[in-house]
Amino acid sequence: MPPPEAPSATSSHMMKTTKRGRPFLKLTTNRQYFRSFPNSFTTDDAARNLASLKFSQSNRGPDPREPSRIVTTTTTTTFSMTRDMAKAMCQQFMDARLIENAADPGSNLFKERGVYVLTPKGLHVLERFMSKNGINGDHLAHVFSTQPICMKLLHLERRSVDDEIIVSHSAITALFRRFVGRQPNYPPEFIETMDAFQKYHERSKGVALMDITEKGTGKAAVTHKHCFAAVTALEWLCDFTSVIGREEAAEMAAQFVRFGLITLVSDKRKNNDSAIIFTVRGAAGGANSSIAQHGEFRCTAKAIYKVTDEGRRLARWDLPDGARPSPNSSAANVSSNARASEDHSLNASYDAEKKGQKESNTDRLKFIMEEPQLRALFREFLRSNFCEENLSFYLDVQDFKKSFSTTSSAIAANVPPARAGQKATPGQLAMERHHEALIQKAFVIYNTYLAPSSQSELNIDHGLRNELSAYLSEVIHSMTGKSFQGHVDLEQANHFNATQLQTMIRLYERIQTHVFRLMATDSVPKFIKTPRFLALKVKLVEEDDGPLADFPLMNSSASTPSVPPGLSSGEEEVGGAYVTISQRAATQERPAGAAAEHR
């Protein structure tokens, strides 16, 4: 039995709507150009409702006067927004493909007098927001039932520092496979006779492809298969992934070019036509790799690209349905291992003996940690049970240990310490700055999760807590002559050396093991029985759109850079991708059934 959970602090925030939980913006029928547009809003509606927003933040934690009681403190902030700022915000929504002009869906500008509707992607995001924050959506049932909804939205992980997409091999692989689909997507001839649901269902299979025949000068005609227009690619990426705007979409498309997955066929624009050419740079691959140092994508109306042989191989178009690449391929090994882990971790018997159950839940938790889409769902589950800090602490310590081991490798291999009286080199200075950052991070973790009455204080073994407190008290008293008050400030933290930092890490690892065991034995058995977990498992494992292995993600055992941040200009954060599923779209059987009638 895990120890009883002590009161711990947690916080949440959400955008408040009306007193009854309804969104501010009321969707009605509006008229423009002698046409009626249901479930829409006008520019005036948006500006008026964005003029006054309310945000609420709730902090839940033990009462300082009586720690056994849990109290919730809610702070509501109201702020105003000018009309110009509201229009700029709506332009961001348009760029992200969350809303579109009802009368002119091809327009990319939020106009002064326009009528707008939510896109399928916008409905997916709205549904997810309402679900996460407990907002009643009964009044929007008609909107969700009469418009197409994006069934699966592919999210690309972003850097916490600047919110830019993390470009990694695993992320590009996942994005490209979703982009081109499990099979080449040539639209059917009768697509113009389809309704909105059927057309959207066809688009969701992958970017629309075509074959292009070109006549060379004095040469026979050449046919290029699996081609697509550059503009079509940008629109698809904006509609079915988390990219925000055509610029980010062009960046991802340029990465496809850099990775050798697509190539330019032709760009027949006139010399005086304007053109935006997006270029990305990165490290080239090995001798047999298709990855180049730079990639270029032409965002023009006349530009045509095609999927390369390498793109076909990565998409696995030529394999029988459900087949995997050769076992000799490293990608195949990753994929097959993930699938084997998935089958073992997700489908193990719930009726195993006590010992077997513990082992099974440990394996499940390891798999959840390695798969961002499962990890995100697990985090939501822990948050609803007021123990999200367990997962946050575990992951923060994992990141911290990777940073520390990377620094140790660099010290041993590349950066000798400066001699007495010798001026430090730029590399040594960077190493010192990084070491200071590590010390600060170590005590951010302590003050966040382990200090008495901290906002996210962990419920850990009493002996472990006392051992950590006694060590810090001894070190701080020996360095500063001051007694330890339970929290470590920046000045005290900067006195710690590498040896003392290693001791802290060893103590963190023991606490981390305790937290992992607690999650495996207490949280995982409950999590795997939740409807949302079971729905995600069914959708991602059994649907014809592909299992979890179709979205390869860099796991926690992936190799890390051999030098610490700040010493390598080619450093790249580890990133991945995950999928969110629309439960409302899953109940819309109309697209699949109607499409089947045409076939």
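Residues numbered from 1 in each chain as written. Predicted model: local features only at pLDDT ≥ 70, side-chain atom pairs only at ≥ 80, totals over all residues. Heavy atoms only, no water.

A. How the structure looks around unusual backbone geometry. Its identity as a non-glycine residue notwithstanding, Asp-163 has a phi of 65°, on the positive side. Turning to its location among the elements, Asp-163 is positioned in the loop between strand E8 (152-156) and helix H5 (169-180). You can call Asp-163 partly exposed: its relative accessible area is 46%. Despite not being glycine, His-226 shows a phi value in the positive range, around 60°. (Helix = DSSP H or I, 4+ residues; strand = E, 2+ residues; numbered from the N terminus. Buried < 20%, exposed > 50% of the residue type's maximum accessible area, 1.4 Å probe, protein only.)

B. Focus on the sheet that holds strand E6 (residues 99-101). What the four strands build is an open sheet, ordered E2-E3-E7-E6; its pairing is antiparallel. Of all the strands in the sheet, just strand E2 (28-32) and E6 have a single pairing partner and so form its edges. Adjacent strand axes in the sheet meet at a mean angle of 55°, parallel and antiparallel pairs treated alike. Lying on the sheet, helix H1 (residues 43-50) is in contact with E2, strand E3 (35-42) and strand E7 (115-118); it crosses E3 at an angle near 15°. Strands E6 and E7 of the sheet are contacted by helix H2 (residues 83-95), whose axis makes an angle of about 95° with E6. (Pairing = 2+ DSSP bridges. Axes fitted to C-alpha atoms, helices over the stretch in contact; angles between N-to-C directions. Contact = heavy atoms within 4.5 Å.)

C. A look at the sheet that holds strand E14 (residues 303-307). With respect to topology, four strands assemble into an open sheet ordered E9-E10-E14-E11, the strand pairing being antiparallel. The open sheet has two edge strands with one neighbour each: strand E9 (210-215) and strand E11 (262-267). Within this sheet the neighbouring strands show an average axis-to-axis angle of 50°, counted without direction. Packing of helix H7 (residues 230-240) onto the sheet brings it into contact with strand E10 (221-229) and E14, and relative to E10 it is tilted by some 25°.

D. Just the nonpolar core, in detail. With 52 residues, the main nonpolar core has Phe-378, Phe-443, Tyr-446 and Leu-450 as its most contacted residues. Of all the secondary structure elements, the ones that give two or more residues to this core are helix H11 (354-370), helix H12 (372-384), helix H13 (388-413), helix H14 (426-450), helix H15 (462-480) and helix H17 (498-527). Among the elements that take part in this core, H17 stands out by supplying twelve residues, more than any other. The residues contacting Phe-443, other than those within four sequence positions of it, are Leu-472, Val-488, Ala-493, Phe-496 and Met-504. By size, the runner-up hydrophobic cluster in this structure holds 47 residues, among which are Leu-154, Leu-175, Leu-209 and Val-243. (Core = buried A, V, L, I, M, F, W, Y, C linked by side-chain atoms within 4.5 Å.)

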